[in-house]
Amino acid sequence: TFDHNYPPTKILWLPDKNEAQPDLLVTSGDYLRLWNVGDGSKSVDLKHTFNNNTRYTEFCAPLTSFDWNTENTNMIGTASIDTTCTIWNIETQQVTTQLIAHDKEVYDIAFSQGTDTFASVGADGSVRFFDLRSLEHSTILYESPENNPLLRISWNKSDPNYLCTIMSDMNAVVIL
């Protein structure tokens, strides 16, 4: 057990396929936080807090979710209530890119296979696809009936031609 300054919205372990890196954990909430888990989970130390608040105030737009890129483990994408998605380089501790992703709050983000593409969902009821090599535009892959907010998104890790999402207050899963 360890304390978190703000209620966490998501938590993920470092996707280290070779088990060569230290045990790292990332949480989202008010900020993205990177934690070092040592000594068989007996000690958890805050390694870094990622803050892209350029207005130098104590307030920020909370993060609703994030995804850790499995191909490039230095890359994490975050989703925020301020309509943006931010791609972080955790090695340099810098923002790689930040973009307005939706017309309303962004609730989730997920990387596809590779390092260049991701999708997001949000309160505007759309699934949007982005390519980091060409951010001039995004592709709307799906819009929910009556613009019901979309809460979560997940890529099929075996076949990147499929992804799924869930809607707010609906008992159905949409596979695209």
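What counts, and at which threshold
Residues numbered from 1 in each chain as written. Predicted model: local features only at pLDDT ≥ 70, side-chain atom pairs only at ≥ 80, totals over all residues. Heavy atoms only, no water. Core = buried A, V, L, I, M, F, W, Y, C linked by side-chain atoms within 4.5 Å. Buried < 20%, exposed > 50% of the residue type's maximum accessible area, 1.4 Å probe, protein only. Helix = DSSP H or I, 4+ residues; strand = E, 2+ residues; numbered from the N terminus. Contact = heavy atoms within 4.5 Å. Pairing = 2+ DSSP bridges. Axes fitted to C-alpha atoms, helices over the stretch in contact; angles between N-to-C directions.

1. Considerations on the nonpolar core
Then, in step 1: Of all hydrophobic cores here, the largest spans 12 residues; its members are Leu14, Leu24, Val26, Leu32, Leu34, Phe50, Leu63, Phe66, Trp68, Ile76, Trp88 and Ile90.
Then, in step 2: Those elements giving two or more residues to this core turn out to be strand 2 (24-28), strand 3 (32-38) and strand 5 (63-68).
Then, in step 3: Ranked by residues supplied to this core, first place goes to strand 5 with 3 residues.

2. Examining the side chain of threonine 117
Then, in step 1: By the element assignment, threonine 117 lies in strand 10 (residues 117-122).
Then, in step 2: Note on threonine 117: relative accessible area 11%, which makes it buried.
Then, in step 3: In this structure threonine 117 touches Phe111, Ser112, Phe129, Phe130, Asp131 and Arg133, once residues within four positions along its chain are discounted.

3. Considering the sheet that holds strand 2
Then, in step 1: One open sheet accounts for 4 strands, arranged 1-2-3-4; its pairing is antiparallel. Each end of this open sheet is capped by a strand with a single partner; those strands are strand 1 (10-13) and strand 4 (43-50). Within the sheet, the average angular offset between the axes of one strand and its neighbour, ignoring direction, is 25°.
Then, in step 2: In this sheet, strand 3 lies alongside strand 2 in antiparallel orientation, the contact comprising 5 bridges. Each bridged residue has a counterpart across the sheet, and for serine 28 the counterpart in strand 3 is leucine 32.

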